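Okay, here's what each chain looks like letter by letter:
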Amino acid sequence: MNSARNARSTNNARSTRSESCESAKTTTNAVKLHGKCSRIACAALSTILCFILALCTSLGPIFRNQDIKVHLGSITDFSWINALIFIAALAIYAIILWTIVYYGKHSAFPKQYSRFGAWIKSIFRKKHKNNAEKTNKKTVEKTDEKTDETKSENTANRKIKKHRASAICRLIRNISKRFYNAALWFIKHSTRNRRNLFLTFFLGWLWAPVTLLAAYGADICSQIREYSWAWNQVTGLNQPYIGFFSFVPMDIYPTAHYLWPSKPTYLTDQHNIVLTVIYGATTAVSRYFTDSNDAGIILLAFTQFVFAAWCVAASANRFLNRPWLKIAQAQQSQQSQQSQQSQQPQQTPMFARFAVLLMFLLSPLVVCSTIALTKSPLFAFAFLWWFGINYELSSEYSNTSKTTQNYTKPNWHTVLELLISVCVMLIAAKYAWYILLIQCVLLLIFMRKRWRLWICTILLPTIIIHGSLLLLISSGAIINGDPIESRGVQLQQIARIAKLDPHSIPKSAKRIIAPIFNLDQTAEAYKPYDADPVKSSGLQSKKVSYRWRYVSRENISKLNTAWWQMVTHSPLVATDAFLAKSYGYFDIFDRPYVGPEYYIDTDNIRNSDWIRYWNPQFRTDFADFISTWSDIPVIGWPIHGNTFVIATLLIGVAEIILRRWRTVLWHMPLALLIGVMILAPANNFERHMLPIAFAFCFVVLTFWRDTSTRTRYNSKECLELKAQDGREAYTAVCAK
């Protein structure tokens, strides 16, 4: 009996061991399969990105050199030269992406680069050595012919020259050393806290409002005109409204008449109603006291200037100094000294501080935007402020634990700043609510512990502001923006097909589209890089391509059907239209359609009352200088927005490959902004890329900081996987 029991126990033990071994094997196989799938997905994502960037770069010469009156560029013009450009660009972008990923994994550049650098140095050393030997031989031959007296005189002269040269070198060395120390002191103290950063940016940019006063274009003039007509209506002045011979401010954009309420109103949501009221009221007060809009415009520009300095200083302080870590250390002062030393925050290198100051103080993208009175710069600065707050909250959330609940609780001023930045974004740009809503959903899914914060500071302001706007529109107080504004890609494809392939348009599509567009005028108005002429934007003398006076809501609802029929019957022309409208955002050689200098010297400023008399020559020279700088290949890249778009895409894909999911989460709005750029009416429009350009320095700094601290590879899930399933599983999931 005992022997039978022992046999059963041994068999049970063996079966349990075999089951545990089998379960371990299955988990290991599952981990290996997961690793293979993730590597395949990362390779596919990298290939797609490099392919898109290389394709846009190779198509750039075709679309840039086209003549609208003679021949429109097409992908059918793709030649062997474009193929060579494509191959070279694909290889370069693949190498850059591989380098970024390698640096993110190993915190060092590939060894191949050091070997290549050593090989280049050896070549230069050999050439220098050969040249030195030749010069030595010549000097020896000459000195043999000289006499002893000349030798002694030459040695004396050499000593005097050496003494003078050494004195000059010492002087230069001392001056450069003192200048270097002074520069280090300035960089360190100017970036030490938010107040110093604000004063640095305020004083560093002060020359712009002093010498230029303001920068603006047609947008603010239209907003001022809207408010003036609305105020005239309030005072009882009779004005035209809907009529064939009437032309009111809403006809400039234009806004379709079916959106106009029956009761006359002149305020629209074309440029966001809140900004329209603020700009219009300020200039109305200015006209009351000075009989001119200029004083109000200058006041608005200076207010935006101060707001820009505050936003940049707040974000730079968060990324460079991380002040919440100091508060956390003070709260954890009761812990052991060893744990305090292990949680010492990593200091930001001096070069990163210098790069941030250099970017924001000298870049025309930033300086011109501080006084440019359009919605995009205001949204860009508010977005940068919000971006920095997200970084703080994400960094605090990543350090949460059951024992540090007080540590992760955000400060009241951070919550207030988050709320204000969200509100400014919402009143600056209409597409802000899309970005905020998507980001809020992602935060509620992946950062659930702070769901109250996300609902109160992001979701509720979005609902309240956007809901109030919808309520004003439904009540007839204001006119809604025309939905045709968001159909830039469709408009360009319809216009190009009408111009180049009108016979392919089906009769059913023509019948549907006839009440919406005059196809003959649409074909004439087509420009590959701008959809505004197609939708009849402009003054009274414009071509009527878009029948905004007669189109109805029912007609617009059928536009997608007609567009799809046209695209399916002429796919090549439709593809050309899409590429011609959006390739510039991803072609580093493409010059911006509208650069940062545009709003500095516009026709609206030249026709102003007295702003035009303030430094007119300097204004023109400054705009010409930026334009000339932008036209120089390679040297002009640092002031092109598409440079930062391409670099941000490469870093974003590298973060996905490295599985830095928390960083990817709060970088997601940058990807959403790229979608906004593609849907915008114009190609390579600089102002749509401002938020990405402003945030780029901090994206690079975050990537370096995550690499130095090995945020992904030392994460909690990787360490648990290493402890449970062994080194092989850890390597398969976390280290590759």
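Source: prediction; values computed, not measured.

1. Notes on the overall build of the chain
In terms of regular secondary structure, the chain is built from 30 helices and zero strands. Restricting the contact set of the chain to residue pairs at least 6 apart, pairs at least 24 apart contribute 79%. Accessible surface computed for the chain: about 38,100 Å², of which carbon and sulfur atoms make up 63%.

2. Observations regarding the packing of helix H9 (residues 294-321) against helix H12 (residues 350-362)
Direction vectors running N to C along H9 and H12 enclose 165°, while the axes themselves pass 11 Å from each other. Between H9 and H12, the interaxial angle falls into the category roughly antiparallel. The crossing of H9 and H12 is right-handed. Mapping the contact onto sequence places Val312, Ala316, Leu320 and Asn321 in H9 and Ala352, Arg353, Val356 and Phe360 in H12.

3. Focus on the pattern of salt bridges
Summed over the entire model, instances satisfying the criterion amount to 13 salt bridges. One salt bridge in this structure joins Glu392 and Arg318, with 2.7 Å as the shortest N-O distance. Remark: Arg318 occurs in helix H9 and Glu392 occurs in helix H14 (residues 375-398); sequence separation between them is 74 residues. Classification of Glu392 by relative accessible area gives buried; the value is 3%. Here Lys558 ties to Glu554 by a salt bridge, and the two come within 3.7 Å at their closest N and O atoms. In this structure Lys558 comes out as partly exposed when scored by relative accessible area, which is 39%. Assessed through its relative accessible area of 52%, Glu554 is described here as exposed.

4. Some thoughts on the packing of helix H5 (residues 194-205) against H12
Relative orientation of the contacting elements H5 and H12 amounts to 35°, with a least axis distance of 10 Å. H12 is crossed by H5, and the crossing has right-handed handedness. Within the contact between the two elements, H5 uses Thr200, Phe201, Gly204 and Trp205 and H12 uses Leu357, Phe360 and Leu361. Class assignment of the residues belonging to the contact of H5 with H12 gives a composition of five nonpolar, two polar and no charged.

5. Some remarks on unusual backbone geometry
Along the chain, Tyr253 connects to Pro254 via a cis peptide bond; the corresponding omega equals -10°. Within the secondary structure, Pro254 is located in the loop between helix H7 (218-234) and helix H8 (273-290). Of note in this structure, Asp291 is not a glycine but carries a positive phi near 60°. Summarising the element assignment, Asp291 is placed in the loop between H8 and H9. Classification of Asp291 by relative accessible area gives exposed; the value is 69%. Phi at Asn684 is positive, roughly 55°, even though this residue is not glycine. Examined against the element boundaries, Asn684 turns out to sit in the loop between helix H28 (661-679) and helix H29 (690-709).

6. Here's the deal with the side chain of Glu686
In this structure, Glu686 sits in the loop between H28 and H29. Arg591 is the oppositely charged side chain nearest to the buried, salt-bridge-free Glu686, at an N-O distance of 7.3 Å. Ignoring sequence-local partners within four residues, the contact set of Glu686 consists of Leu365, Pro592, Val594, Gly595, Pro596, Ile639, His640, Gly641 and Asn642.

7. Side note on helix H24 (residues 571-582)
Here H24 is 12 residues long and its end C-alpha atoms lie 17 Å apart, about the 16 Å a rise of 1.5 Å per residue gives. Every buried residue of H24 is accounted for by Val573, Ala574, Asp576, Ala577, Leu579, Ala580, Lys581 and Ser582.

What counts, and where the lines are drawn
- Residues numbered from 1 in each chain as written.
- Predicted model: local features only at pLDDT ≥ 70, side-chain atom pairs only at ≥ 80, totals over all residues.
- Heavy atoms only, no water.
- Helix = DSSP H or I, 4+ residues; strand = E, 2+ residues; numbered from the N terminus.
- Contact = heavy atoms within 4.5 Å.
- Areas by Shrake-Rupley, 256 points an atom, 1.4 Å probe, with all protein chains shown as cover.
- Axes fitted to C-alpha atoms, helices over the stretch in contact; angles between N-to-C directions.
- Parallel < 35°, antiparallel > 145°, perpendicular 65-115°, else oblique.
- Left-handed = near helix turned anticlockwise from the far one by under 90°.
- Salt bridge = Lys/Arg side-chain N within 4 Å of Asp/Glu carboxyl O.
- Buried < 20%, exposed > 50% of the residue type's maximum accessible area, 1.4 Å probe, protein only.
- Nonpolar A, V, L, I, M, F, W, Y, C, P; charged D, E, K, R; others polar.
- Lys, Arg positive; Asp, Glu negative; His and termini not counted.
- Expected span 1.5 Å × (residues − 1).

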